[in-house]
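# Survey of secondary and tertiary structure
As a plain string of letters, each chain reads:
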Amino acid sequence: MVDAKKIQKFVVLGTGGTIAGTAASASDHTGYTAGQLGVQHLLDAVPGLNDALQGDSLVCEQIAQLDSKDMDHATWQALAQRCTHWLGQSDVGGVVITHGTDTLEETAWFLQQVLSTTKPVVLTCAMRPATALTPDGPQNLLDAMAVVRDPMARGVLAVCAGRIHSARAVQKVHPYRLDAFSSGDAGPRGWVEQGRVRWADPGSWPVVHVHAHVALALPADNWPWVAVLHSHAGTDARQVSALVAAGVKGLVVAGTGNGTVHHSLLSALAEAQTRGVAVRLTTRCAEGQLVGQPAALQTAPSGLNGYKARVSLMLDLMG
Ligand code: SIN
């Protein structure tokens, strides 16, 4: 006897972004306003969604209505709390989040670090506003629904332009084209083709940060301040002393190449460390990761770009 398919509930949380953006003209792909349409409106605009759900049900909630360049810690906390709420319910199979592309990778990594669940959380987005002649949001949302409903999906994932990325590897690499994300050397976790998911490697479960519970409870205004600095030609080290004087608790430095740091910045960072500021090193290179111990600074968890290393250091400092 064949088992009847288990009917599940899936939750879609809206946060804004270009996927919810509108422009005055259908040909305008850049002069639009992000975060204008509600998440229910986005779902209503996906042709074939009901058929694709095969009897599963959807619930949606608007968590924020932001251009994701303005993403903040309080919204992250609210999002994580709503994910925790829904994922804790036995009939809920997973959560999809509609998000702007600009900081999607940071939100994905934050959620990966704080959500203690084996159920999938899938972020999706669009590079064109909903009013475009051919918007990419509806297809991305449909693909995200295929991924969240897939029995092999685990942890926090991002879906864009038919590719599935892990929260750890995903990075926005292009300001305009529809396929704006890359997983760099790691490659995508999989693909969505005609509504079917093809996994590159279904293994490797995500890791939750030991201080996840603190991030969900501590008021976001009290989260430790961690800033990202870049080493570059002519780096002015006064930015470090200014940040230390202003009370920064952690600094992530995106070094050149294999984590080399301008000599003036290096001495200012050493001084900051003696004043109790936590410093972590990563690379400003878009691909690859630090090899060996390139500078007299503690390295960030391997493979994280500066913005994700900032999330992890902030969580480290919550302990
Ligand atoms: C945003 O990140 O909210 C705007 C840009 C985008 O979604 O592509």
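Below: a short report on this structure. (Residues numbered from 1 in each chain as written. Predicted model: local features only at pLDDT ≥ 70, side-chain atom pairs only at ≥ 80, totals over all residues. Heavy atoms only, no water.)

### Quick look at the site of the ligand
Heads up, the condition is: One heavy atom suffices: a residue is near a molecule or strand as soon as one of its heavy atoms comes within 4 Å of it. For this analysis, a polar contact is any N or O atom pair within 3.5 Å, provided that within protein one partner can donate a hydrogen and the other can accept it, and provided that sequence-adjacent residues contribute only side-chain to side-chain pairs. Using a 1.4 Å probe, the Shrake-Rupley method yields the accessible areas, and only the shown protein chains count as cover for residues. Each residue is assigned to one class: nonpolar for Ala, Val, Leu, Ile, Met, Phe, Trp, Tyr, Cys and Pro, charged for Asp, Glu, Lys and Arg, and polar for all the others, Gly among them.
As a matter of local geometry, the ligand sits amid Gly17, Thr18, Tyr32, Asp67, Ser68, Gly100, Thr101, Asp102 and Ala126. In this structure, an oxygen atom belonging to the ligand sits 2.9 Å away from a side-chain N or O atom of threonine 18. Aspartate 67 places a side-chain nitrogen or oxygen 3.3 Å from an oxygen atom of the ligand. Taken by itself the ligand offers 250 Å² of open surface, and the protein chains cover 96% of this. Class assignment for the residues of the shell around the ligand results in two nonpolar, five polar and two charged.

### A short note on the packing of helix α3 (residues 73-87) against helix α4 (residues 104-114)
Defined as follows: Axis definition: a line fitted to C-alpha atoms, limited for helices to the stretch in contact. Angles are taken between N-to-C directions and run from 0 to 180 degrees. Runs of E in the DSSP output that reach at least two residues are strands. Runs of H or I that reach at least four are helices, and both are numbered from the N terminus. The labels follow the angle: roughly parallel below 35 degrees, roughly antiparallel above 145, roughly perpendicular from 65 to 115, and oblique for the rest. Whether a crossing is left-handed or right-handed is set by the direction in which the near helix is turned from the far one by less than a right angle, anticlockwise for left-handed and clockwise for right-handed. Two residues qualify as a contact provided that any one of their heavy atoms is within 4.5 Å of a heavy atom in the partner residue.
In contact at an axis separation of 10 Å, α3 and α4 are set at 50 degrees when each is read in the N-to-C sense. It follows from the interaxial angle that α3 and α4 lie oblique. Classified by chirality, the crossing of α4 by α3 is right-handed. Contact residues: α3 offers Trp76, Gln77, Leu79 and Ala80, while α4 offers Glu106, Thr107, Phe110, Leu111 and Val114. Partitioned by chemical class, the residues of the contact of α3 with α4 number six nonpolar, two polar and one charged.

### Quick look at the packing of aromatic side chains
Quick note on the threshold: Whether two aromatic rings pair depends on their centres lying within 6.5 Å, for rings of Phe, Tyr and Trp, where Trp uses its six-membered ring; planes under 30 degrees apart make the pair stacked, over 60 edge-to-face, and the rest tilted. Type-normalised accessible area, obtained with a 1.4 Å probe on protein chains alone, sets the label of each residue: buried when under 20%, exposed when over 50%, and partly exposed for intermediate values.
Under the definition given, this model contains two aromatic pairs. When the centroid spacing of 4.9 Å and the interplanar angle of 10 degrees are considered together, the rings of tryptophan 76 and phenylalanine 110 count as stacked. On the criterion of sequence distance, the pair formed by tryptophan 76 in helix α3 and phenylalanine 110 in helix α4 is long-range, its members being 34 residues apart. Residue tryptophan 76 shares its accessibility class with phenylalanine 110, and that shared class is buried.

### Quick look at the side chain of serine 182
Of note, serine 182 is situated in strand β8 (residues 181-182). Since its relative accessible area comes to 19%, serine 182 is described here as buried. Only 2.8 Å separates the side chain of serine 182 from the backbone nitrogen of glycine 184, close enough to count as a polar contact. Ignoring anything within four residues of it in the chain, the contact list for serine 182 reads Arg163, His165, Ala169, Val170, Gln171 and Val173.

### As for the pattern of salt bridges
The test is simple: One side-chain nitrogen of Lys or Arg within 4 Å of one carboxyl oxygen of Asp or Glu is enough to make a salt bridge.
Using the criterion set out here, one finds nine salt bridges in the structure. Residues lysine 69 and aspartate 70 are paired through a salt bridge, measuring 3.1 Å at the closest nitrogen-oxygen approach. Owing to a relative accessible area of 54%, lysine 69 belongs among the exposed residues under this scheme. One salt bridge connects arginine 163 with aspartate 179, and the closest N-O pair in it is separated by 3.4 Å. Of this pair, arginine 163 sits in strand β6 (residues 163-166) while aspartate 179 sits in the loop between β7 (171-172) and β8; the two residues are 16 residues apart in sequence, bridging distant segments of the chain.

### Observations concerning unusual backbone geometry
Phi angles above zero are rare outside glycine, and alanine 161 is one such case at about 55 degrees. By the element assignment, alanine 161 lies in the loop between β5 (156-160) and β6. Look at alanine 161 and you get partly exposed, because its relative accessible area is 33%. Positive phi values are uncommon outside glycine, yet glutamine 194 reaches one of about 50 degrees.

### Section: the nonpolar core
This is how it is decided: Here, nonpolar core means buried Ala, Val, Leu, Ile, Met, Phe, Trp, Tyr and Cys residues that are tied together by side-chain atoms lying within 4.5 Å of each other.
By size, the foremost hydrophobic cluster in this structure holds 48 residues, and its most contacted members are Val95, Ile97, Phe110, Leu111, Val114 and Val121. Those residues in contact with leucine 111 that sit more than four places away from it in its chain are Leu79, Ala80, Ile97, Val121, Leu123 and Val156. Counting residues in hydrophobic clusters, the runner-up holds 27 residues, among them Leu37, Val46, Leu141 and Val159.

### Side note on the sheet that holds strand β13 (residues 278-283)
In a beta sheet, neighbouring strands pair by backbone hydrogen bonds and run either parallel or antiparallel. Test applied: Pairing between strands is defined by DSSP: at least two bridges between the two strands are required.
Strand order in this open sheet of three strands is β11-β12-β13, and the pairing throughout is parallel. In the strand order of this sheet, the two ends are held by β11 (226-230) and β13, each with one partner. Strand-to-strand twist of the sheet, defined as the mean angle between neighbouring strand axes without regard to direction, takes the value 20 degrees. When strand β12 (residues 250-255) meets β13, the two strands line up parallel, connected through six bridges. Bridging across to β13, valine 253 finds its partner in leucine 281.

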